[in-house]
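# Examining the three-dimensional arrangement
What follows is the residue order along each chain.
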Amino acid sequence: MVINSKVQKLIKLKNMQVRKMKQLNDLQLEYFDTEYVNPTRWEIVKVLIDKDFPDGNFKFLDVGGGNGVFTDRLLQSYPNSEGTVLDNSELLLSKNLHHPRKNIICDSVENLGNLNQKYDLINFNWVLHHLVGKSYNDSRNNMLSALHNVESLLTDNGRVSIFENMYDGIFLDNLPSHLIFKLTSMKMIAGIIHKMGANTAGVGVCFLSKKQWVATLNKTHFSVQNYADDKESKSIIPLSHRIFLHLGHVRVGHFWLSKCV
Ligand SMILES: C[S@@+](CC[C@H](N)C(=O)[O-])C[C@H]1O[C@@H](n2cnc3c(N)ncnc32)[C@H](O)[C@@H]1O
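First, a word on scope: everything that follows refers to the structure included in this document. Keep in mind it's a predicted model, so treat the numbers as computed, not measured.

### Topic: the overall build of the protein chain
- Check the secondary structure of the protein chain and you find nine helices and eight strands.
- Over its C-alpha trace the protein chain gives a radius of gyration of 18 Å, about what one expects of a compact globule, namely 18 Å for 261 residues.
- In terms of its C-alpha atoms, the protein chain occupies a principal-axis envelope of roughly 50 × 40 × 30 Å.
- The proportion of buried residues among the 261 residues of the protein chain is 54%.
- Taking as baseline every contact in the protein chain between residues at least 6 positions apart, the subset at least 24 positions apart corresponds to 76%.
- When the accessible surface of the protein chain is split by element, carbon and sulfur atoms take 56% of a total near 12,800 Å².
- The average position of the 30 basic charges and that of the 25 acidic charges among the side chains of the protein chain differ by 5 Å.

This is the structure:
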């Protein structure tokens, strides 16, 4: 059953903070009514869950969980689990199927610190690169503060799971990240950038290289327990764009983190 009204289980958190992160509009968000965790990626995360939560009894938070497809998959695969989808898009949340062990929170990552709960597993599936602020540095800081904010939400033996795109430069590792941010965040050229295939045109997106992700994670109080590349992912970016953006190795990576002891 699709939940179409603003759901009985929808908890609206007090949103007293000034909004610092930009949000895509509904037309842009509609594009994300899909699921990026293909069988290879699911296998990566499932093996880690089975190892670290052998009884399958865990409570998880799917940050930026959108339409809830990933949450539904976890709930179905782990009948003793309980899950919460947090997202600031009412449109994507409205696509969620009802599930007795699922909660839905409509709020921004900015307010994660207001959650009064502990979770064993916190998922960030392709959401950190969307935490875009006014500048590139603000956006990088937003990612870091999101990771800092979930520290206190995680149980002592909890895990943070991150799926992200790795956009490495050909010679200058960080260059694609800066170029893509600049081009997608400029309102004046949004029409052209949209035509070139970026659904984030006019708002911005902050993809990082693998080295940049590792450097970001090294600034948190988490340690990387496992990293895996999705070797099967094929780039859908045309060669001309790749050359223009100085894009080298592009793939999906998965980080599995625990609290530093
Ligand atoms: C690329 S989609 C990924 C959706 C889902 N995690 C998946 O893997 O299919 C990015 C998601 O992050 C959400 N998002 C972006 N900025 C957010 C914010 N500041 N707070 C909460 N959710 C956010 C979007 O609404 C969208 O659902």
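Here the narrative resumes, following the displayed structure.
### A look at the pattern of salt bridges
- If you walk through the whole model with that rule in mind, you get ten salt bridges.
- The partner of Asp-168 in a salt bridge is Arg-251, with the nearest N and O atoms 2.8 Å apart. Linking Asp-168 in strand β6 (residues 154–169) with Arg-251 in strand β8 (residues 247–259), this pair joins segments that are 83 residues apart in sequence.
- Through salt bridges with shared partners, one network takes in Glu-30, Asp-33 and Lys-95.

### With respect to the environment of Met-188
- Assignment of secondary structure puts Met-188 in the loop between α6 (175–185) and α7 (190–195).
- Spatially, the C-alpha atom of Met-188 lies 7.6 Å from that of Gly-202, the residues being 14 residues apart in sequence.

### Concerning the nonpolar core
- Residues Leu-61, Leu-112, Ile-122, Phe-124, Leu-128 and Ile-162 are the most contacted members of the largest nonpolar core, which totals 33 residues.
- Sorting the residues of this core by element identifies β2 (59–63), β5 (119–125), α5 (136–151), β6, α8 (210–218) and β8 as the ones contributing at least two each.
- For this core, the element with the highest residue contribution is α5, accounting for five residues.
- Membership of the second largest hydrophobic core comes to 19 residues, among which are Val-45, Tyr-78, Trp-126 and Val-252.

Quick notes on the rules
- The residue numbering used here restarts from 1 in each chain and proceeds along that chain's sequence as written.
- With the structure being a predicted model, the display of local features is reserved for residues of pLDDT at least 70 and the display and counting of side-chain atom pairs for 80 or more, all residues being used for whole-chain, interface and lining totals.
- Only hydrogens and water are removed before side-chain values are computed, so all heavy atoms of the structure are retained for them.
- Comment: elements are numbered from the N terminus, with helices defined as DSSP H or I runs of at least four residues and strands as E runs of at least two.
- For the radius of gyration, the atoms used are the C-alpha atoms, and the globule rule reads 2.2 Å times the number of residues raised to 0.38.
- Exposure is judged per residue with a 1.4 Å probe applied to protein chains only, and the accessible area is read against the type maximum: over 50% gives exposed, under 20% gives buried, and values in between give partly exposed.
- The contact definition used throughout considers only heavy atoms, calling two residues in contact when any of these lie within 4.5 Å.
- The protein chains shown are the only cover counted for residues, whose accessible areas, like all others here, come from Shrake-Rupley with a 1.4 Å probe.
- Counting rule applied: Lys, Arg positive; Asp, Glu negative; His and chain ends not counted.
- A charged residue contributes its charge at one atom only: NZ of Lys, CZ of Arg, CG of Asp or CD of Glu.
- Take a side-chain nitrogen of Lys or Arg and a carboxyl oxygen of Asp or Glu: if they are within 4 Å of each other, that pair is a salt bridge.
- Put simply, buried Ala, Val, Leu, Ile, Met, Phe, Trp, Tyr and Cys residues joined by side-chain atoms within 4.5 Å make one nonpolar core.

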